[in-house]
There are 4 protein chains.
Amino acid sequence: MAKLIIEAEEDVGYLLQEVLLKRYSILVDGEETMPANVVERAVDLHALRVIGSSGYQKCVNYLWRGWLVQDDDDPSRFVDYKEKTSTSYWVHFDPDRLRVPMYQNTVQIAFSVIYLALYTGAINSINPSGDLDIVEGLLYVFTFGFICDEVAKLWKVGRWYLGFWNIYNSTLYALLAVSFVTRMIALGHPIGDERRFRFNVLSYNFLAFSAPMFWTRLLLFLDGFRFFGAMLVVLKVMMRESLIFFLLLLVVLVGFLQAFVGLDQVDNNLGATKFILKAMANAIMGSPEFDGFDGFAPPFGLILYYIFNFIIVVILLNILIALYNSAYEDITDNAIDEYMALFSQKTMQFVRAPDENVFIAPFNLIELFCLVLPFEWWMPAPAYARLNDYVMGFLYTPLLLVTAYLETRTARVVSWNRRRGEADEDTVEEWEQLGESERAAGREGVDFEADGWAKRVLESRPNVVANAALVEVRELREEVAELKRMIEGIRGRG
Amino acid sequence: MAKLIIEAEEDVGYLLQEVLLKRYSILVDGEETMPANVVERAVDLHALRVIGSSGYQKCVNYLWRGWLVQDDDDPSRFVDYKEKTSTSYWVHFDPDRLRVPMYQNTVQIAFSVIYLALYTGAINSINPSGDLDIVEGLLYVFTFGFICDEVAKLWKVGRWYLGFWNIYNSTLYALLAVSFVTRMIALGHPIGDERRFRFNVLSYNFLAFSAPMFWTRLLLFLDGFRFFGAMLVVLKVMMRESLIFFLLLLVVLVGFLQAFVGLDQVDNNLGATKFILKAMANAIMGSPEFDGFDGFAPPFGLILYYIFNFIIVVILLNILIALYNSAYEDITDNAIDEYMALFSQKTMQFVRAPDENVFIAPFNLIELFCLVLPFEWWMPAPAYARLNDYVMGFLYTPLLLVTAYLETRTARVVSWNRRRGEADEDTVEEWEQLGESERAAGREGVDFEADGWAKRVLESRPNVVANAALVEVRELREEVAELKRMIEGIRGRG
Amino acid sequence: MAKLIIEAEEDVGYLLQEVLLKRYSILVDGEETMPANVVERAVDLHALRVIGSSGYQKCVNYLWRGWLVQDDDDPSRFVDYKEKTSTSYWVHFDPDRLRVPMYQNTVQIAFSVIYLALYTGAINSINPSGDLDIVEGLLYVFTFGFICDEVAKLWKVGRWYLGFWNIYNSTLYALLAVSFVTRMIALGHPIGDERRFRFNVLSYNFLAFSAPMFWTRLLLFLDGFRFFGAMLVVLKVMMRESLIFFLLLLVVLVGFLQAFVGLDQVDNNLGATKFILKAMANAIMGSPEFDGFDGFAPPFGLILYYIFNFIIVVILLNILIALYNSAYEDITDNAIDEYMALFSQKTMQFVRAPDENVFIAPFNLIELFCLVLPFEWWMPAPAYARLNDYVMGFLYTPLLLVTAYLETRTARVVSWNRRRGEADEDTVEEWEQLGESERAAGREGVDFEADGWAKRVLESRPNVVANAALVEVRELREEVAELKRMIEGIRGRG
Amino acid sequence: MAKLIIEAEEDVGYLLQEVLLKRYSILVDGEETMPANVVERAVDLHALRVIGSSGYQKCVNYLWRGWLVQDDDDPSRFVDYKEKTSTSYWVHFDPDRLRVPMYQNTVQIAFSVIYLALYTGAINSINPSGDLDIVEGLLYVFTFGFICDEVAKLWKVGRWYLGFWNIYNSTLYALLAVSFVTRMIALGHPIGDERRFRFNVLSYNFLAFSAPMFWTRLLLFLDGFRFFGAMLVVLKVMMRESLIFFLLLLVVLVGFLQAFVGLDQVDNNLGATKFILKAMANAIMGSPEFDGFDGFAPPFGLILYYIFNFIIVVILLNILIALYNSAYEDITDNAIDEYMALFSQKTMQFVRAPDENVFIAPFNLIELFCLVLPFEWWMPAPAYARLNDYVMGFLYTPLLLVTAYLETRTARVVSWNRRRGEADEDTVEEWEQLGESERAAGREGVDFEADGWAKRVLESRPNVVANAALVEVRELREEVAELKRMIEGIRGRG
């Protein structure tokens, strides 16, 4: 392969940094010259080096906090949030502020927690009669909202939208939908009917079956926390790497399954397929069952099962360990960068949303049934937009009360910072804390940082020294050139 | 050890690159000056650095697609495929084109899939009477063809031919041959005979027993896909590294087996050997059986079994994990290079085939029984060659119809590319896509590439900087030399 | 993130080294200019590079041995121990010397061993009547002393004091306290009462239950030995890294538990929770129980349990292995540095102790009940201090007899070394031994050292060469500058 | 730590190489200036870098083959083997040649194989009567010889002699001695006596019990083969690293054992100790037994056993895997060097043997009983030495017949090589084969070498480039200095 790719990447990286830096000096002008947003492009290209740069992170951070917002007139342009320093409470009480990624994320997490709480309530209030109580009703309404949301996004973004979490969520919603449908069928039968009872049990079973997915789904929304985020990145890479392993495992499994079924068919006792499947599954779980194979086409069955066990337990599972190990080490080396990339991607996802108005599920049901269906198709756009604003303002009032308060407080700090001639951020960064309270900071944060940075410094040290030599040599050349000019002068005179 | 080996390797590498590059400028002339093909030599020497070079990969790629073909007159020479740009359909409808590695590989994969399908059919149509149906007949015919192919290749290439996959395939064919022979013995007995039934069952058992090998055999032919190829390389290295471990395990096992058998002999209950073997195998599988050893030469039997378990489960299996880990990490670091080497080796294998005419198994049976046996020994060579061509043309007509169509289409692209002054390849490489559709490419391909390349860039960066310094210093020296001449001029005048 | 952190760290590191070196030349003067002790700061900041420097280690070593002691007048200042070279026995027989970290540590270990011995005695002298014998009495007195110690330290230091070992110890003490309380309740009932017997059994069970903690507690005090220290560091890091993993595991477990309980509720057989918990725990231990799930909401229960097993056994436990691996490799790379940091931290912990008088638990009980409560609140400070000294002198007499003897011997070596003009240390360091008895030293020590150092040397070699080039270039520049001056001189004359 | 150690090592390394190279140019003179042999010192210091140098390996190789032999007059001096080129058969038929490490090693391996064969014979010819047959007799004679050998070596070398393999062998011999003694006791009772039978069974049990040690003992003598040697090195390091882990495990085990025994004592069912031990051992083997703990001081017993399992299975065993992994990776990085060190050590062991006369066990019995005891104490030294030679010549005649033949053949090759002006070695080294039969060599050897070397080359490349810059700069400085002189010349004239 040619080295074109590096040069391309280096160039792109250079441009991005140039643009990103310019953006802060001449306020987003640099962006207009490019057809696509450089921040987005870096996320799409997964350019870790660019994403890891401090300028980039600052930009993402500003977007996350809503200090850079989409222009009302041109959603593809980002402008500085004008009212950043306004200390008036009602100025910040603006439904438009809900587009800020941080608030959207908070609302999403809140709804997820409520959703989980509803589920926990529903699963612990199982009644044999199968009547829908209020908790279950809300649970299904939420589920319907989420399903609508997924369908709408898939419709708008297309097949690129399908990622691991989307498929995961969709599976969960599908299970709940099946549970709902079976419940409806159950309720369709009269009370006391045996089928009503049977479908009710089936419905509850599907509901209970989805519990692990409900809880692990929490992880998705916890990726804002650094540790969970890094862990998720690691898990994601490990899963991707192990996919091919499981494919290999599948081929081996199919081969052995066919062999066992074949041996079984020879014996004509065709009911053993379930036993075979169970024995093979148990072997993978590390608790093989050798007893049943004694009378299974002896000695072929037993020998084959031993070979199967040896390949699975001794070879393949150990290879899986090696695979996980290798993936884990690769990813932990740049877990922080990967986490930043994840965070940037998440921020971009909110910013990039094609919608002007953000109705986070299950509020999208309100949008769908109370706004889009009855009004959108006949109402003039400005009126509809105003209506949207009113509804959003109403729905998000509790949140706005909080965010406006927080923003007002932040605004005070920012304006105070500005008066002191400092940057807008009010947070004292970790390394700034260093000088002040080394004890507190030293415990956790800096320890971690220092380790990572020390490694980087070590890695880049040869460059530094070599660079110094290079600089020296270049200066030397200039001096020699000067010398030459001087001698030429002498010669000219001589 | 002296450093001769590096210098030798560096020199060889230099020569190879020189030759490989020249080859494309002056069309394969460079090759004639060398007694052996440099491409082949690199494969044989497993010179990853050479194989990984873009020039080399281009060359292999051209060979793979059949744009460089063996000269009709001198099979050891490669010439450009003359009709590459011909857009005529019938020009490409040429049996000679079947020698192209890509097509041969496709045919091999197709036959493997058909073979597996036949097997699946046979195993699912087990009948107690044991009559050979058409599917089983075809299966055995295919097997016979594969066996002939292996024997012929072993005969021609010699013992160097024996690799892992050949032994693997041979074992599979042997199992099928045993199955066939036992079936024949069964059919030799009258219907209703108990022995007929017994041999039938035995035959079917052998047939079923080979199922895992059938399915894992698929992997061999799937190594053209990048992921499977890399995985196979990894597996191969891991198996090779673990061989010595299993030898060590064997010594330990033999030692313990002798100890248990000895303890058993002391007790004079000589029937326990099977129990001992089973207990030891179960220990390796991770589910030891301690109960049976309570009454086994107490307390020696139980103590020894605990020691055995500790050594196997706690020490040796964990060492195996460490071994796999180490091998896996070594190989994943240059998995792409290794995959390229595998691909080159595969291409070379097709190109290097000593045969002029390619009858892929099971067509080799047709060659053997319809051409070689009845005709070759009396027919004049040109007539026989023509006959060969006719037969091949007839057999491969379905394939030729497809390949000729594909080649015609490619030819159009190539001639269009040439008119535009570009290289012949019509494929837009990954890094070229980068500029166009960064979204699509960014998902999978470039992500992977970028990671690998970024690492390389990081590794080689010190060189780059140091090199820059070196260049600067050299230029500086020239300037100083010029200065010296100037001063000498002054002195001369002075 | 900006690179500020590195620069900050580099600066701090530079300062520390500067100060640490100065400290030995101008005797601790450098320290007064800094508000906080640089040695402590390095420990707090976990600045491995600084801690690993030889000057730092020398300083810590001097503190450990008591050659640098806290000034009597100003505890935040350290002065050279005046009597280091005094060979008089009674000069060293000074209760103040007990503040020396080495002696304090020895006493702590001794008490821990006695504590463990008491416990072993108590657990092996279990009597159904439940009467407290002398061993048990001492055990509980010790425990009370340790509890007072922990409470006092927590009171003084605040929540930063809570580390892994403190919580560990507190749990142990809590178990023993529970055991004591239940025993007291038991003794409150008359002999022969069934409740007395029951509470006695409960008390003994709690006592026995704490045995593993008692023994592993030994490790804490064995960290003075290099191997145990390094192992503890490794374990600590691994535990910290795996915390997040266990959190992830917990979420998965809660999810599955809810699912199983839900399925159970549907079936209305509500007593199965214990069975579910046991089955899940067994799955984590690697011995799943599939049998019980056959009749558990079929087929949901069994499928879910298989999925649970697969996720736990195949995915999560292997991820844990990968995590441990990665953490282990990271830590073993700089295990020696980490061990030095641990050692420094331990030394600092003793030095930094806010107390003037050191009553190591359980002697703190004597301090508390015989000194603080009856005397401290009314006695004048100097008299109280003298009383303290007397009591300490009395309590620690056995130890002082030994330490004074050892110090006298050391003093002789030191003064002899000084006369020979060498450093004070009487120990011949490993590399000094090299020249003398390479056989003995070569076995263990140097082997280890050489490996580690060789790696470092290899890593830093490029720097060295590049540095040489840099130096050369700089000298060259000076020469060229000289040349320029000469030519200017010529020009001036010309 | 100071950097003294590196400098020391570098210096030593420099000296060694200097001396080792000189040794070949001026024939071992360099050695006399040093009090101890540098080759031995490198082995003792485990200086891998020195041992891995080609000069060192050549030297060891010469010693191994006996081309450098100990001087007859001064055993601490090595001289060239004079008769290397002599093609006369009887010149090589010299008992002194048996001191050559290669032959000694061969004899040792041969005796080990015979010993194992005797053992296998003995264990498979177990007779209830317990009579000693010839095979068993020989086995015990061999064992006695080996024991004498170990005792003699331990006596001469001292406690430094005790290594892993020595303790291993001693354990084996002790088991066999116990077996012999019990057999003797058995034979002391009349036939038919129940005690005779019982002791016979005991004797055979001990004999059978030692089988695993017998077989794994083979590995020790197979370390001459490269693969086994490297594997042994790896195992050795892993065992050493895991020792501390097993110590940690032991502390945990003791803690839990005490807890379980304590809980057991409370219940007063004192017979459960065996059950506890078994349950704990099974937990370590990965097959815990939870059932028995249900009624064991509920709920303490069960909870404690779960905690125990969790700590052992999930935490400690995974840590062991991490430990093995880390050790394995460290060692495989320089496994070849380590193997060379092992080989050098082995060679030195033979060369360094304090004995003048080599009676390899069990021939040492002949030495002891036929030479030392009857003759040494009264015979004059020269006569005794001659007697020794005669006996050795007689014993080793079969071997001498072979070695003399081999040496004669080698001599012819060497003299032919010398006439051609080449080095003495007749073996074509791997890299020399490269040019000749790249196919054959490329399969195994070079592949391995190339990988290793390629890595080294990559690692050292920055140095090369930086070095080039350095050289250039230095030359530049000289040129500038010349320039300065020229200008001074001008100035002088001007």
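From a predicted model like this one, the values you see are computed outputs, not experimental measurements. Along each chain, residues carry numbers from 1 onward, in the same order as the chain's sequence is written. Chains carry letters and ligands carry numbers; both start at the beginning, A for chains and 1 for ligands, and go up in the order they are written. It should be noted that, the model being predicted, local features are given only for residues of pLDDT at least 70 and side-chain atom pairs only at 80 or more, the latter also being counted only at that level, while totals for whole chains, interfaces and linings use all residues. Based on all heavy atoms of the structure, the side-chain values leave hydrogens and waters out of the count.

S.K.: Kindly report on the overall build of chain A, identifying the contributing residues and their values.
M.R.: The helix count covers DSSP runs of H or I at least four residues long, the strand count covers runs of E at least two residues long, and both are numbered beginning at the N terminus. Of the regular secondary structure elements, chain A holds 21 helices and two strands. Approximately 22,900 Å² of chain A is accessible, and the part contributed by carbon and sulfur atoms is 63%. For every accessible area listed, the method is Shrake-Rupley and the probe measures 1.4 Å; residues are considered covered only by the protein chains on display.

S.K.: Lay out the packing of aromatic side chains in plain terms, naming residues and giving numbers.
M.R.: Any two of the Phe, Tyr and Trp rings considered here, Trp counted by its six-membered ring, make a pair once their centres fall within 6.5 Å; the pair's planes then place it as stacked at under 30 degrees, edge-to-face at over 60, or tilted in between. Scanning the model with the defined rule gives 111 aromatic pairs over all chains in all. A centroid spacing of 5.0 Å and a plane angle of 85° characterise the contact between Phe111 of chain A and Phe363 of chain A, whose relative ring orientation is edge-to-face. With Phe111 of chain A in helix H7 (residues 101-124) and Phe363 of chain A in helix H16 (residues 363-376), the pair connects residues that are 252 residues apart, well separated along the chain. No difference in accessibility class separates Phe111 of chain A from Phe363 of chain A, as the two residues are buried. Ring centres 6.5 Å apart and planes at 35° place the aromatic pair Phe256 of chain B and Phe260 of chain B in the tilted group. Burial here depends on accessible area, computed with a 1.4 Å probe over protein chains only, as a share of the maximum for the residue type. Under 20% is buried, over 50% is exposed, and the range in between is partly exposed.

S.K.: If you had to explain the packing of helix H9 (residues 164-188) of chain D against helix H11 (residues 211-221) of chain D to someone new, which residues and values would you point to?
M.R.: Residue and element names in this part refer to chain D. Relative orientation of the contacting elements H9 and H11 amounts to 150°, with a least axis distance of 11 Å. Classified by the angle their axes make, H9 and H11 are roughly antiparallel. The crossing of H9 and H11 is left-handed. Contact with H9, carried on its side by Trp165, Tyr168, Asn169, Thr171, Leu172, Tyr173, Leu175 and Leu176, involves Pro212, Met213, Phe214, Thr216, Arg217, Leu219 and Leu220 of H11 and no other residues of that element. By the convention adopted, Pro, Cys, Tyr, Trp, Phe, Met, Ile, Leu, Val and Ala count as nonpolar, Lys, Arg, Asp and Glu as charged, and the other residues, Gly among them, as polar. Each residue belonging to the contact of H9 with H11 can be placed in one class, and the counts come to eleven nonpolar, three polar and one charged. Under this scheme, a helix contributes an axis fitted over its contacting stretch, all axes are lines through C-alpha atoms, and angles between N-to-C directions fall in the 0 to 180 degree range. By the definition adopted for this analysis, an angle is roughly parallel if under 35 degrees, roughly antiparallel if over 145, roughly perpendicular if from 65 to 115, and oblique otherwise. Each crossing is labelled by how the near helix is turned from the far one, with a counterclockwise turn of less than a right angle marking it left-handed and a clockwise turn marking it right-handed. For this analysis, residues touch if any pair of their heavy atoms sits within 4.5 Å.

S.K.: So what about the packing of helix H17 (residues 381-395) of chain B against helix H18 (residues 397-419) of chain B? Which residues, and what values?
M.R.: All names here are of chain B. Between H17 and H18, whose axes approach to 5 Å, the crossing angle comes to 75°. Taken together, the axes of H17 and H18 are roughly perpendicular relative to one another. Judged by residue contacts, Gly393, Phe394 and Leu395 of H17 engage Thr397, Pro398 and Leu400 from H18.

S.K.: Hey, could you go over the pattern of salt bridges for me, with residue numbers and the actual values?
M.R.: Should their charged atoms come close, side chains of opposite charge can pair. Residues and elements named next belong to chain B. Throughout this description, the term salt bridge denotes a Lys or Arg side-chain nitrogen within 4 Å of a carboxyl oxygen of Asp or Glu. For the structure shown, the criterion picks out 16 salt bridges over all chains. Measuring nitrogen to oxygen at the nearest pair gives 3.6 Å for the salt bridge that ties Arg195 to Asp193. The class for Arg195 is partly exposed, based on a relative accessible area of 40%. Notably, a salt bridge pairs Arg198 with Glu194, separated by 3.5 Å at the nearest N-O pair. Here Arg198 and its partner Glu194 are both found in helix H10 (residues 194-209), four residues apart, which amounts to about one turn of the helix. Classification of Arg198 as partly exposed rests on a relative accessible area of 44%.

S.K.: Describe the environment of Met231 of chain C, listing the residues and the values that go with them.
M.R.: With respect to the secondary-structure elements, Met231 of chain C resides in helix H12 (residues 226-267). Given a relative accessible area of 6%, Met231 of chain C falls into the buried group. As for Met231 of chain C and Tyr328 of chain C, which are separated by 97 residues in sequence, their C-alpha atoms are 9.9 Å apart. When near neighbours in sequence (up to four residues on either side) are disregarded, Met231 of chain C contacts Ile244, Phe245, Leu248, Ile319 and Leu323 of chain D.

S.K.: Lay out helix H13 (residues 273-284) of chain D with the relevant residues and their values.
M.R.: Between the first and last residue of a helix there are one fewer steps than residues, each counted as 1.5 Å, and that sum is the expected span. Helix length check: H13 of chain D, at twelve residues, gives a terminal C-alpha distance of 17 Å against a target of 16 Å (1.5 Å per residue), a fit within 8%. If you check which residues of H13 of chain D are buried, you get Ile276, Lys278, Ala279, Met280, Asn282, Ala283 and Ile284 of chain D.

S.K.: Run through a nonpolar patch on the surface, naming residues and quoting values.
M.R.: Patch membership is restricted to residues that have no salt bridge and whose relative accessible area is over 30%. Joining uses 9 Å for like charges and 5 Å for the nonpolar side chains Val, Leu, Ile, Met, Phe, Trp and Tyr. A cluster of nonpolar side chains, Leu132, Phe180, Val181, Met184 and Ile185 of chain A, forms an exposed patch at the surface whose accessible area comes to about 370 Å². On the secondary structure map, Met184 of chain A appears in helix H9 (residues 164-188).

S.K.: Lay out the side chain of Thr143 of chain D with the relevant residues and their values.
M.R.: All names here are of chain D. When you line up the elements, Thr143 lands in helix H8 (residues 134-157). Each polar contact in these results corresponds to two N or O atoms within 3.5 Å; when the atoms are within protein, one needs to be able to donate a hydrogen and the other to accept it, and residues that are neighboring in sequence are counted only if both atoms are side-chain atoms. A distance of 2.8 Å separates the side chain of Thr143 from the side chain of Tyr115, its partner in a polar contact. If we ignore the near neighbours within four places in the chain, the residues touching Thr143 are Tyr115, Tyr173 and Leu176.

S.K.: Give me the lowdown on helix H18 (residues 397-419) of chain A, citing residues and values where you can.
M.R.: Residue and element names in this part refer to chain A. Over its 23 residues, H18 extends 32 Å from the first C-alpha to the last, a length consistent with the 33 Å expected when each residue adds 1.5 Å. Those residues of H18 lying buried are Leu399, Leu400, Thr403, Ala404, Glu407, Thr408, Ala411, Val414, Ser415 and Asn417. Where H18 is buried, its residues touch helix H6 (89-92), H7 and helix H17 (381-395).

S.K.: Talk me through the state of the cysteines; I want residue IDs and the actual numbers.
M.R.: Cysteine sulfur atoms that pair up within 2.5 Å are treated as a disulfide. Within the structure shown, the criterion is met by zero disulfides over all chains. Counting only cysteine sulfurs, Cys370 of chain C is the nearest neighbor of Cys148 of chain C, a cysteine outside any disulfide, at a range of 12 Å.

S.K.: Quick rundown of a negative patch on the surface? Include the residues and the values.
M.R.: When charges are tallied, Lys and Arg are placed among the positive residues and Asp and Glu among the negative ones, while His and the ends of the chain are skipped. For the purpose of locating charges, the reference atoms are NZ of Lys, CZ of Arg, CG of Asp and CD of Glu. Together, Glu241, Asp330 and Asp333 of chain A, Glu241, Asp330 and Asp333 of chain B, Glu241, Asp330 and Asp333 of chain C together with Glu241, Asp330 and Asp333 of chain D make up a region of like negative charge exposed at the surface. Contributions of two or more residues to the negative patch are made by helix H14 (300-333) of chain A, helix H14 (300-333) of chain B, helix H14 (300-333) of chain C together with helix H14 (300-333) of chain D. Structurally, Glu241 of chain A is set in helix H12 (residues 226-267). A residue is classified by how much of its surface remains accessible, and Glu241 of chain A, at 31% relative accessible area, is partly exposed.

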